[in-house]
Amino acid sequence: EGVLVPRPYYAAFEFDLRARAALEVLPVAIRRGGFEASGYYPTADALEAAYASALSRGIAPRVLLLSSPNNPLGFCYPEEVLAECWDWAESKENLHVISDEIYAGSVYRTPADGQPPWTSLATVAARRGRQLGPSAHLVWALSKDFALSGLRVGALYTENEAIRTPLQKLNDLCQVGSPTQAIVSRLLTDQLDAATPRKLWCAAMEEANAARLRSRYDRLTAVLDQGGLRYLDAGAGLFLWIDLRPFLSYGDSGPPQRENSGSWAGAVGVEEALLPAREAEAERALYLRLIHEFGLLLT
């Protein structure tokens, strides 16, 4: 069994899904050319191609995992993209959708900046006048928006009783400790005494976090603009997707041709595993050069 994940994706999904859950990671190649955010939006056609490919290899896709805001792309999927993916998933038998919304509180640019607003899958459901149902689920945690990964506190929202019941039993073995619960309760309910009208501390913290992220984004992109480096406009999370292809060095022979160029033409976000050996070597050489010559660790 496997999990469909649009490329590029959070590297730790490989460990979480494969090593811990014994599932196959099924990367979804997005077949749209160009270097703009829309080129990375998953589509029903791309999902169908990955689904069919998995079946042909004897792997049954059971989950579509969507991350919005996205790590590592740094933007939110528009509502229509989420809706298209959900509609496609519901057309399949026994296929669940997990909406990873762990950066939902770290949105720092708005539609006024040309960014799509963050939309929860629950909002898509509400605007359709329906519930999520038994096959759509949301996850969030304190680890990113509050920088509190050490507390190990997260949340799953599901309307599927067959999933909720065993997870409640699992909590008997890995409960959040009472001191941590007390800290989190205070964190989410404390109010600012000086605020008029009264304001939750966590709301003020989210606003301050967004302002600081925006400031750092503006400073970083100003440097990239000065150097003529291309990047995707970002607006959420902690990431900026940069195009460093002009700095790859292949020697005198030029960049190698991709294998199966017909099927991968125009694909974006293709991982190193699918690259020809010389192209993978060029990427690694640039990665190491940035570390040793400039002290930059890019992931």
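For the structure, check the block above.
Residues numbered from 1 in each chain as written. Predicted model: local features only at pLDDT ≥ 70, side-chain atom pairs only at ≥ 80, totals over all residues. Heavy atoms only, no water.

**What to know about the pattern of salt bridges**
Consideration 1: Enumeration over the complete set of coordinates arrives at 15 salt bridges.
Consideration 2: In this structure, the salt-bridge partner of Glu24 is Arg18, at a minimum N-O distance of 3.2 Å.
Consideration 3: Residue classification places Glu24 among the partly exposed positions, given a relative accessible area of 34%.
Consideration 4: By relative accessible area, which is 37% here, Arg18 ends up partly exposed.
Consideration 5: The partner of Arg289 in a salt bridge is Glu293, and the shortest N-O contact between them spans 3.4 Å. Note that Arg289 and Glu293 are positioned in helix H10 (residues 277–294) at a spacing of four residues, about one turn of the helix.
Consideration 6: Looking at Arg289, the relative accessible area reads 40%, which means it is partly exposed.
Consideration 7: Three or more residues are tied together by salt bridges with common partners; here these are Glu14, Arg18 and Glu24. (Salt bridge = Lys/Arg side-chain N within 4 Å of Asp/Glu carboxyl O. Buried < 20%, exposed > 50% of the residue type's maximum accessible area, 1.4 Å probe, protein only. Helix = DSSP H or I, 4+ residues; strand = E, 2+ residues; numbered from the N terminus.)

**Considering the packing of aromatic side chains**
Consideration 1: Scanning the model with the defined rule gives nine aromatic pairs in all.
Consideration 2: An angle of 85 degrees between the planes, with centres 5.6 Å apart, marks the rings of Tyr51 and Trp88 as edge-to-face. On the criterion of sequence distance, the pair formed by Tyr51 in helix H2 (residues 44–56) and Trp88 in helix H3 (residues 79–90) is long-range, its members being 37 residues apart. Like Tyr51, the residue Trp88 is buried in the burial classification.
Consideration 3: For the ring pair Tyr103 and Phe239, a centre distance of 5.3 Å and an interplane angle of 85 degrees mean the geometry is edge-to-face. Residue Tyr103 is found in the loop between strand S5 (96–100) and helix H4 (121–127), and its partner Phe239 is found in the loop between strand S10 (230–231) and strand S11 (242–243); the two are separated by 136 residues along the sequence.
Consideration 4: Following the ring pairs from residue to residue traces out a cluster consisting of Tyr41, Phe75 and Tyr77.
Consideration 5: Across from the ring centre of Tyr51, 4.8 Å away, lies the NZ or CZ of Lys92, which sits over that ring. (Phe/Tyr/Trp six-rings, centres within 6.5 Å; stacked < 30°, edge-to-face > 60°. Lys NZ or Arg CZ within 6 Å of the ring centre and 35° of its normal.)

**Some thoughts on H3**
Consideration 1: Taking 1.5 Å as the rise per residue, H3 with twelve residues should run 16 Å; its terminal C-alpha atoms sit 16 Å apart, in good agreement.
Consideration 2: Within H3, the full set of buried residues consists of Val81, Leu82, Ala83, Cys85, Trp86, Trp88 and Ala89.
Consideration 3: Looking at the packing, one finds that the buried side of H3 touches strand S1 (2–6), H2, strand S4 (61–67), S5, H4 and strand S6 (136–141). (Expected span 1.5 Å × (residues − 1). Contact = heavy atoms within 4.5 Å.)

**Digging into the nonpolar core**
Consideration 1: Ranked by internal contacts, the top residues of the largest apolar core, which has 35 residues, are Leu4, Leu64, Trp86, Trp88 and Leu121.
Consideration 2: For this core, the element with the highest residue contribution is H3, accounting for seven residues.
Consideration 3: The residues contacting Leu121, other than those within four sequence positions of it, are Trp86, Val97, Ser99, Glu101, Leu132, Ala136 and Leu138. (Core = buried A, V, L, I, M, F, W, Y, C linked by side-chain atoms within 4.5 Å.)

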